Protein chains: 2
Amino acid sequence: MTGNDLEVRLKIELPGGVRLGYGKVDLLRAVEEHRSISAAARSMGMSYRRAWLLIDELNQCFDEPVIETSIGGRAHGGATLTATGVRIIGLYQSARDKAQIAIRDELEQIANALVKSSEVTDK
Amino acid sequence: MTGNDLEVRLKIELPGGVRLGYGKVDLLRAVEEHRSISAAARSMGMSYRRAWLLIDELNQCFDEPVIETSIGGRAHGGATLTATGVRIIGLYQSARDKAQIAIRDELEQIANALVKSSEVTDK
């Protein structure tokens, strides 16, 4: 177990108490993949209502919505990321990767302080 | 609202599904201040049981416990940080500060994408 094995998760506090973290970003990615909020929610074991609320929080935060839903479609119909949605995913991923690199020394020292049996029990 | 106004919160995934984040680090700081787990828990609006479980998770993770409780004291008696506890607080704080600096560009771009009224409504 070295510092490279310790994964970093990042949350960015947006105005109004909204947090941009891996959960919301994963949801955006799932919407991009499934082109549907309900299918994205299902793929993450999340209720449609919860997925919709999380997306709505982001939609309210940014100058443009992160997701657009198609009008006149079937119930819980098509949804696609906007340019802003795509950009937020990219910025978050880039921030996460840079953070992991920037704190390499600290992660190494934390890894060194971990109980040694973790090297055995950890896959 | 600029990137500097967006605060970053960091979680580090330790083995065994334990997460080292601001919550646990704040709890360690409160124990350091109050010299008591129950007083620390109270100061954070947390039950003694929850505080104890969070601390126990960390104690199990590291080679040495992060907190030592005094034996033979009154119920929920004295508690102090160990050298490892002090070190973990320092490493986490340093990691957080470095991460915030490393992702300055991304925070700036996220801030620019935020709805403009946030400049007015945000304190």
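Residues numbered from 1 in each chain as written. Chains lettered and ligands numbered in written order. Predicted model: local features only at pLDDT ≥ 70, side-chain atom pairs only at ≥ 80, totals over all residues. Heavy atoms only, no water.

Looking now at the packing of helix α4 (residues 83-102) of chain A against helix α5 (residues 104-113) of chain A. Residues and elements named next belong to chain A. Where α4 meets α5, the closest approach of the two axes is 5 Å, and the angle between their N-to-C directions is 60 degrees. Here α4 lies oblique to α5, going by the angle between them. Taking contact as the criterion, the partners of Gln 100, Ile 101 and Ala 102 in α4 are, on α5, Arg 104, Glu 106 and Leu 107. When the residues that make up the contact of α4 with α5 are grouped by side-chain class, the tally is 3 nonpolar, 1 polar and 2 charged. (Axes fitted to C-alpha atoms, helices over the stretch in contact; angles between N-to-C directions. Helix = DSSP H or I, 4+ residues; strand = E, 2+ residues; numbered from the N terminus. Parallel < 35°, antiparallel > 145°, perpendicular 65-115°, else oblique. Contact = heavy atoms within 4.5 Å. Nonpolar A, V, L, I, M, F, W, Y, C, P; charged D, E, K, R; others polar.)

For the match of chain A to chain B, the screw axis carries a shift of 0.0 Å, the RMSD comes to 0.0 Å, and the turn is 180 degrees. The superposition of one copy onto the other is thereby described by a two-fold rotation axis. When the interface residues of chain A are mapped onto chain B, 100% of them again fall at the interface, so both copies present the same face. (Least-squares fit on C-alpha atoms with pLDDT ≥ 70 in both.)

If you walk across this open sheet you meet the 4 strands as β2(A)-β1(A)-β1(B)-β2(B), and the pairing is antiparallel. Single-partner strands in this sheet number two, and they are β2 (19-20) of chain A together with β2 (19-20) of chain B. In this structure, strand β1 (residues 7-13) of chain B lies alongside β2 of chain B, joined through 2 bridges in antiparallel fashion. Across the sheet, residue Glu 13 of chain B finds its bridge partner in β2 of chain B, namely Arg 19 of chain B. (Pairing = 2+ DSSP bridges.)

Residue and element names in this part refer to chain A. The topology assignment puts Leu 27 in helix α1 (residues 22-34). Looking at Leu 27, the relative accessible area reads 1%, which means it is buried. For the pair formed by Leu 27 and Leu 54, sequence separation is 27 residues and the distance between their alpha carbons is 8.6 Å. Beyond its immediate chain neighbours, meaning those up to four positions away, Leu 27 contacts Ala 40, Met 44, Met 46, Ala 51, Leu 54 and Ile 55. (Buried < 20%, exposed > 50% of the residue type's maximum accessible area, 1.4 Å probe, protein only.)

With that settled, consider the interface of chain A and chain B. Counting from both sides, the interface comprises 38 residues of chain A and, opposite them, 38 residues of chain B. Roughly 3,500 Å² is buried in total at the junction of chain A and chain B, and carbon and sulfur atoms are behind 62% of that figure. For the interface between chain A and chain B, the tally reads 6 salt bridges. One salt bridge in this structure joins Glu 106 of chain B and Lys 98 of chain A, with 3.0 Å as the shortest N-O distance. Taken together, chain A and chain B are joined by 15 residue pairs in polar contact (both at pLDDT 80 or more). (Buried area = accessible area lost by both parts, 1.4 Å probe. Salt bridge = Lys/Arg side-chain N within 4 Å of Asp/Glu carboxyl O. Polar contact = N/O pair within 3.5 Å; in protein donor to acceptor, adjacent residues only side chain to side chain.)

Looking now at the side chain of Gln 100 of chain B. Residue and element names in this part refer to chain B. Note that Gln 100 resides in helix α4 (residues 83-102). Of note is the side chain of Gln 100, whose polar atom sits 2.8 Å from the side chain of Arg 96. With residues up to four places along the chain from it excluded, the contact list for Gln 100 reads Gly 3, Asn 4, Leu 6, Glu 7, Val 8 and Leu 107.

Residue and element names in this part refer to chain A. Counting all residues, the mean pLDDT for chain A is 90, and 89% of those residues have values of 70 or more. Here helix α6 (residues 118-121) stands out as the element of chain A with the lowest mean pLDDT, 48, in contrast to α4, whose mean of 97 is the highest. For this predicted complex, the interface confidence comes out at an ipTM of 0.87, alongside a pTM of 0.85. (pLDDT = per-residue confidence, 0-100.)

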